[in-house]
Amino acid sequence: MRCPYCGSEDSQVKDSRPAEDGNAIRRRRICPDCGGRFTTFERVQLRELMIIKKTGRKVPFDRDKLLRSFEIALRKRPVDRDRIERAVSGIVRRLESSGETEIPSEEIGIQVLEALKSLDDVAFVRYASVYRDFSHAEDFEKVIAEISAKIARDPVE
């Protein structure tokens, strides 16, 4: 593994342990040349996924980009990092096991919305405002009404 600090081709693994409920391996590494310490994660990849953007352009699937979208929507919200990782891992697992190698970006957006709805209502509205391209206050009102109706149907105990 290349050192992110000095670019050395060599690094030593100092510690390995399971991460993300056993779906990944977390490795602490040290560079023998500069002494830099860094962490890497190793995950199983069942197949190479391509995302079909709205423009028709195809780009490789990027798990980190998916994670960043969750983090942006959940910024300053009281949601545990493990719950976010589990949501992202669940989406990736569903995409990989779908049998499709090319997935429309809209499908991923819908799965993110569903996951955020169960994690945090504020994050759901934040993401929906960008994903659904809100342009008027009425758009927010509709989504908030949907959430209010859901809360009325399924009260928190």
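This structure is a prediction, so every number in the text was calculated from the model and none was measured. Sequence order as written defines residue numbering, which begins from 1 separately in each chain. For a predicted model such as this one, the threshold for reporting local features is a pLDDT of at least 70, and the threshold for listing and counting side-chain atom pairs is 80 or more; totals across whole chains, interfaces and linings nevertheless cover every residue. Calculated side-chain values reflect all of the structure's heavy atoms, with hydrogen atoms and water omitted.

S.K.: Looking at this model, I keep getting lost on the side chain of Ser-129. Mind explaining?
M.R.: Inspection of the secondary structure assignment puts Ser-129 in helix H4 (residues 121-131). Any pair of nitrogen or oxygen atoms within 3.5 Å is treated as a polar contact; in protein, a donor-acceptor pairing is required on top of that, and neighbouring residues in sequence qualify only through side-chain atoms on both sides. Side-chain polar atoms of Ser-129 contact the backbone oxygen of Arg-126, separated by 2.6 Å. Residues contacting Ser-129, with those up to four places away along its chain left out, are Phe-134 and Phe-140. In DSSP terms, a helix is any run of H or I states spanning at least four residues, a strand is any run of E spanning at least two, and both are numbered starting from the N terminus. Contact criterion: two residues are considered in contact whenever any of their non-hydrogen atoms come within 4.5 Å of each other.

S.K.: Got a minute to help me understand the packing of helix H2 (residues 81-97) against helix H3 (residues 105-119) in this structure?
M.R.: Axes, fitted as lines to C-alpha atoms, cover a helix only where it is in contact. Angles between the N-to-C directions of the axes lie from 0 to 180 degrees. Where H2 meets H3, the axes come as close as 11 Å, and the angle between the chain directions of the two elements is 150°. Considering the angle they form, H2 stands roughly antiparallel to H3. The two elements H2 and H3 cross, and the hand of that crossing is right-handed. Of the residues in H3, those in contact with Arg-83, Ala-87, Ile-91, Arg-94 and Leu-95 of H2 are Glu-107, Ile-108, Gln-111, Val-112, Ala-115, Ser-118 and Leu-119. Gly falls in the polar group here, along with every residue not listed as nonpolar (Ala, Val, Leu, Ile, Met, Phe, Trp, Tyr, Cys, Pro) or charged (Asp, Glu, Lys, Arg). Partitioning the contact of H2 with H3 into residue classes produces seven nonpolar, two polar and three charged. Geometric relationships in this document are graded by angle, where less than 35 degrees denotes roughly parallel, more than 145 denotes roughly antiparallel, 65 to 115 denotes roughly perpendicular, and other angles denote oblique. Working rule for handedness: look at the near helix, and if it is turned counterclockwise from the far one by less than a right angle, call the crossing left-handed; if clockwise, right-handed.

S.K.: Got a minute to help me understand unusual backbone geometry in this structure?
M.R.: Apart from glycine, the bulk of residues carry a negative phi angle, and the bulk of peptide bonds sit in the trans form. Positive phi values are uncommon outside glycine, yet Lys-76 reaches one of about 65°. As for its position among the elements, Lys-76 is in the loop between helix H1 (63-73) and H2. Only protein chains enter the accessibility calculation, which uses a 1.4 Å probe; a residue is then buried when its area is under 20% of its type maximum, exposed when over 50%, and partly exposed in between. According to the relative accessible area criterion, Lys-76 is exposed, its value standing at 80%.

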